[in-house]
Amino acid sequence: MIPGARLILLGRQGAGKGTQCVRLSRHFVVPHISTGDMLRAAVREGTELGVMAKRVMDEGGLVGDEIMVGLVRERLSQPDAVGRGYILDGFPRTVPQAMALDDISADRPIDVVIDLDVPRDMVLSRLSARRVCRDCGTNYVATGAETLPWICEVCGGDVMQRDDDTPEAITHRLDLYEEQTEPLIEYYRLQGRLAVIDGVAPPNEVFKRLTLAVESGRRAG
Ligand code: ADP
Ligand code: ZN
């Protein structure tokens, strides 16, 4: 049996985290826990959280730490995550979130924190061409030649541009990443749990680098 894994993926918007997380999740047979997907589901359901989150997300801002920590604490207590582990995508995003996660995962620590590194100018062009299935979250790249409405190959859902993939919101998110999330790279480096992976390569090659980083992170304990 393949052992599970407990992983955190850091990296700029558009670095390819979503795509790689889906593959890692299949490979290690652990849930892919994306806080962005959780919030977008709440928006679709029209819950109180969703109404609040939509305002913040459309501007490219960050939802409050307390709310996010509560959501993740609850999700990580589910049997699948407790039993096999998880891949966290989009959390932690601030130092207070990382400190809360240290506490939540104290009994079963993270194997490795991966920084999927792609330079800022490169992610900008990737993001403006990004299209996403609103139902299953599969990512696509727009070429301008597709027939509309664009239907997801995986689930038949609508493929759309995210409301927060506008140039203004993208710039704001990348600024926030540098201010709030980049300090986490140092935070985990000091804990000796960081692996930096160069994300500028074809998806298969990046995936190979990621699985190798997980194996060596596990061995290091
Ligand atoms: P991206 O990485 O492209 O910003 P995500 O899908 O990870 O996309 O997140 C979308 C939005 O959801 C973020 O811009 C933010 O508003 C909100 N969000 C997601 N995760 C968090 C978090 N851990 N803390 C605060 N806000 C979050
Ligand atoms: Zn789909």
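For the structure, see preceding data.
If you're wondering where the values come from, they're calculated on a predicted model, not measured in any experiment.

K.L.:
Lay out the pairing of strand β4 (residues 112–117) with the relevant residues and their values.
P.N.:
Looking along a regular strand, one sees side chains alternate from face to face of the sheet. Most of β4 sits out of view: five of its six residues are buried. Sheet topology note: the β4/strand β8 (residues 194–198) ladder contains five bridges and is parallel. Looking across to β8, one finds that Val113 is bridged to Leu194.

K.L.:
An account of the packing of aromatic side chains is needed here, citing residue identities and associated values.
P.N.:
Summed over all chains, the structure comprises two aromatic pairs. Considering the side-chain rings of Tyr140 and Trp150, the 5.6 Å spacing of their centres and the 55 degrees angle between planes classify their relative orientation as tilted. Within this pair, whereas Tyr140 is found in strand β6 (residues 139–141), its partner Trp150 is found in the loop between β6 and β7 (159–160), the two being separated by ten residues in sequence. Consider the rings of Tyr187 and Tyr188, whose centres lie 5.1 Å apart with planes at 90 degrees: the pair is edge-to-face. Assessed through its relative accessible area of 19%, Tyr187 is described here as buried. Overall, Tyr188 belongs to the buried group, its relative accessible area being 0%. Above the ring of Phe207, the side-chain terminus of Arg23 is found at 4.8 Å from the ring centroid.

K.L.:
Please provide a residue-by-residue account of the side chain of Arg173, values included.
P.N.:
Mapped onto the secondary structure, Arg173 falls in helix α8 (residues 167–190). The exposure class of Arg173 is buried, given its relative accessible area of 7%. Reaching out from Arg173, the side chain makes a polar contact with the backbone oxygen of Asp164 at a distance of 2.3 Å.

K.L.:
Report on the site of ligand 1, specifying residues and quantitative values.
P.N.:
Ligand 1 sits among 18 residues. The nearest are Thr35, Arg40, Gly61, Gly90 and Arg173. Interatomic distance of 2.9 Å between a side-chain N/O atom of Arg40 and an oxygen atom of ligand 1. With respect to ligand 1, the side chain of Arg130 contributes an N or O atom lying 3.3 Å from an oxygen atom. Bound to the protein, ligand 1 loses 97% of the 540 Å² it would expose on its own. Looking at the shell around ligand 1 element by element, the count peaks at four residues for helix α2 (residues 35–45).

K.L.:
If you had to explain the pairing of strand β3 (residues 85–89) to someone new, which residues and values would you point to?
P.N.:
The buried count for β3 comes to five of five residues, which makes it a mostly enclosed element. Taking every second residue as pointing to the same face, both faces of β3 are buried, with Gly85, Ile87 and Asp89 on one and Tyr86 and Leu88 on the other. Here strand β1 (residues 5–10) pairs with β3 via five bridges, running parallel. Each bridged residue has a counterpart across the sheet, and for Leu9 the counterpart in β3 is Asp89. By the bridge criterion, three bridges tie strand β2 (residues 32–34) to β3 in an arrangement that is parallel. Bridge pairing in β3 places Ile33 opposite Leu88.

Criteria and cut-off values
Residues numbered from 1 in each chain as written. Chains lettered and ligands numbered in written order. Predicted model: local features only at pLDDT ≥ 70, side-chain atom pairs only at ≥ 80, totals over all residues. Heavy atoms only, no water. Buried < 20%, exposed > 50% of the residue type's maximum accessible area, 1.4 Å probe, protein only. Helix = DSSP H or I, 4+ residues; strand = E, 2+ residues; numbered from the N terminus. Pairing = 2+ DSSP bridges. Phe/Tyr/Trp six-rings, centres within 6.5 Å; stacked < 30°, edge-to-face > 60°. Lys NZ or Arg CZ within 6 Å of the ring centre and 35° of its normal. Polar contact = N/O pair within 3.5 Å; in protein donor to acceptor, adjacent residues only side chain to side chain. Near = heavy atom within 4 Å. Areas by Shrake-Rupley, 256 points an atom, 1.4 Å probe, with all protein chains shown as cover.

The values reported here are purely geometric and, on their own, carry no functional implication.
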